[in-house]
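Architecture and fold: a report
What follows is the residue order along each chain.
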Amino acid sequence: MARVAIPKGHCRFCDAQYGRAAMVKHMTTCKKYVEKVEDGSTDNIVYELLITGGYAGRYWLVVEVLGNETLAGLDSFLRQIWVECCWHMSEFEIGGQSYVSQLSRFSYNDKDMNVSLASVLAPGMTFRYRYDFGDTTELKIEVKSERRGGIGVKGSVPGKNNFGDGVRLLARNEVTEVCEVCGKERPAWIDLDAYYSDVPAFWCRECFVKSLEEEDPDFDPEEDDLEDFIPDTFREFCNSPRMGVCGYEGSSYYGDD
Ligand SMILES: [Zn+2]
Ligand SMILES: [Zn+2]
Ligand SMILES: [Zn+2]
């Protein structure tokens, strides 16, 4: 089986580059990060989470959350940064218990997400998150550590994010895919047909326009709207495990990176 290259990421505080597991360790020693952590309060529990998705977990986030944040707040963060397309249902499965975004009268054992993280999480625990019960995107969440203190507000921009100040992004994977035509630019689209044939999967805007100019006699770059010529099999390229699924068109997360 081919070894999957998991992209590295940058620490949002000191900009050092690490792989997924090394980044989790780095956060306990990063001096710039430790400076930013409020140390006045010892009442709060803070959990460090590694959240992974996609094949072999090639998409990843290192996140810290306050113990008094709710599952609903974490759900809202995950929707904004990675998965929201059309308000599908979502679910956390923790220790055999389901916590769902909308309670259904057909599943009496489920609980809602208005549950504090401190009441359900513990260091060393792994749990699942599912978004959309049709075309499901499944994430694995590992509770890497627990400490006392605060998290500041760097992970959210007031008035823009809905998930409150209880969730902060520490690091995420970089985009390593490049356009498969020029081999250089960040892709603008993924072609879903590439799963079934040998057409290029990733296209940058320039290469797509060039291919239209060369191959489509109806296309006039001066007059025509490019959007009208985008094939049905093209989807927005996104740094998300939900890329290409359902109507997903990218993040509504307004973090500072
Ligand atoms: Zn750092
Ligand atoms: Zn959808
Ligand atoms: Zn290109």
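It should be noted that the structure appears before, not after, this text.
Let us look at the structure shown here. Bear in mind the structure is a predicted one, so any value in this text is a computation, not a measurement. (Residues numbered from 1 in each chain as written. Chains lettered and ligands numbered in written order. Predicted model: local features only at pLDDT ≥ 70, side-chain atom pairs only at ≥ 80, totals over all residues. Heavy atoms only, no water.)

A few words on the overall build of the chain. Per the secondary structure count, the chain includes five helices and 13 strands. Residue burial in the chain is summarised as follows: out of 257 residues, 45% are buried. For the chain, the share of sequence-separated contacts (at least 6 apart) that also reach a separation of at least 24 residues comes to 59%. (Helix = DSSP H or I, 4+ residues; strand = E, 2+ residues; numbered from the N terminus. Buried < 20%, exposed > 50% of the residue type's maximum accessible area, 1.4 Å probe, protein only. Contact = heavy atoms within 4.5 Å.)

With 41 residues, the main nonpolar core has Phe77, Leu78 and Phe92 as its most contacted residues. Taken domain by domain, the makeup of this core includes at least three residues from each of domain 1 (9–172) and domain 2 (175–247). Counting 12 residues, the second-largest nonpolar core is a separate cluster that includes Cys11, Tyr33, Leu50 and Ala171. (Core = buried A, V, L, I, M, F, W, Y, C linked by side-chain atoms within 4.5 Å. Domains from an automatic or database assignment.)

Each regular strand shows side chains that alternate between the opposite faces of the sheet. Pairing of strand S5 (residues 90–94) with strand S8 (residues 126–131) involves four bridges; the strand directions are antiparallel. Counted as the bridge partner of phenylalanine 92 is tyrosine 129 from S8. With six bridges joining them, S8 and strand S9 (residues 137–148) adopt antiparallel strand pairing. Following the sheet pairing, phenylalanine 127 is matched in S9 by isoleucine 141. Between S8 and S9, which pair antiparallel one after the other, the connecting turn spans five residues, and aspartate 132 there sits at a positive phi close to 75 degrees. (Pairing = 2+ DSSP bridges.)

It is worth spelling out the sheet that holds strand S12 (residues 202–203) at this point. Two strands in a sheet stick together by hydrogen bonds in their backbones, pointing the same way (parallel) or opposite ways (antiparallel). Judged by pairing direction, the sheet is antiparallel, and its three strands sit side by side in the order S12-S11-S13 without closing on themselves. Unpaired on one side and paired on the other, S12 and strand S13 (234–236) mark the two borders of the sheet. Relative to S13, strand S11 (residues 189–191) runs antiparallel, the two sharing three bridges. Directly across from aspartate 191, in S13, lies its bridge partner phenylalanine 234.

Moving on, we come to the coordination of the zinc ion (ligand 3). Protein-derived coordination of the zinc ion (ligand 3) comes from Cys179 (SG), Cys182 (SG), Cys204 (SG) and Cys207 (SG), at a distance range of 2.3 Å. Taken together, the four donor atoms coordinating the zinc ion (ligand 3) and their angles of 101 to 120 degrees define a geometry best described as tetrahedral. For the zinc ion (ligand 3), all donor residues lie on one chain, and their spacing in sequence is C-x2-C-x21-C-x2-C. For cysteine 204, a relative accessible area of 1% corresponds to the buried category. By relative accessible area, cysteine 207 is classed as buried at 9%. (Donors = N, O, S within 2.8 Å, 3.2 Å for Na, K, Ca; no water. Tetrahedral: all angles 85-135°; square planar, octahedral: opposite > 155°, others 65-115°.)

With 13 residues, helix H3 (residues 71–83) extends only 16 Å from end C-alpha to end C-alpha; this falls clearly short of the ideal 18 Å at 1.5 Å per step. For H3, the tally of buried residues reaches 12 of 13 residues, placing the bulk of the element in the interior. Along H3, the residues that are buried comprise Leu71, Gly73, Leu74, Asp75, Ser76, Phe77, Leu78, Arg79, Gln80, Ile81, Trp82 and Val83. (Expected span 1.5 Å × (residues − 1).)

Taken together, Cys85 (SG), Cys86 (SG), His88 (NE2) and Cys246 (SG) make up the protein donors of the zinc ion (ligand 2), found 2.1 to 2.4 Å from the metal. Given four donor atoms and angles of 100 to 116 degrees at the metal, the environment of the zinc ion (ligand 2) is assigned as tetrahedral. For histidine 88, a relative accessible area of 18% gives the class buried.

Take a negative patch on the surface next. A surface patch of like charges, here negative, comprises Glu213, Glu214, Glu215, Asp220, Glu222 and Glu223. Within the fold, glutamate 222 resides in the loop between helix H5 (205–215) and S13. (Patch = residues over 30% accessible without salt bridge, like charges linked within 9 Å, V, L, I, M, F, W, Y side chains within 5 Å. Areas by Shrake-Rupley, 256 points an atom, 1.4 Å probe, with all protein chains shown as cover. Salt bridge = Lys/Arg side-chain N within 4 Å of Asp/Glu carboxyl O. Lys, Arg positive; Asp, Glu negative; His and termini not counted. Charge placed at Lys NZ, Arg CZ, Asp CG, Glu CD.)

The subject of this paragraph is the packing of aromatic side chains. One pass over the full model with this rule turns up 12 aromatic pairs. Each ring, one from phenylalanine 219 and one from phenylalanine 229, has its centre 5.0 Å from the other, and the planes form 70 degrees; the classification is edge-to-face. Pair noted here: phenylalanine 219 is in the loop between H5 and S13 and phenylalanine 229 is in the loop between H5 and S13, with a separation of 10 residues, a long-range link. The buried category is assigned to phenylalanine 219, whose relative accessible area is 9%. (Phe/Tyr/Trp six-rings, centres within 6.5 Å; stacked < 30°, edge-to-face > 60°.)

The next point concerns the environment of arginine 12. Here arginine 12 lies in the loop between strand S1 (9–10) and strand S2 (17–18). Given a relative accessible area of 14%, arginine 12 falls into the buried group. Separated by 158 residues in sequence, arginine 12 and leucine 170 have C-alpha atoms that sit 5.8 Å apart.

With respect to the helices and strands, the residue glycine 134 is situated in the loop between S8 and S9. Given the relative accessible area of 58%, glycine 134 is considered exposed. For the pair formed by glycine 134 and methionine 89, sequence separation is 45 residues and the distance between their alpha carbons is 9.5 Å.

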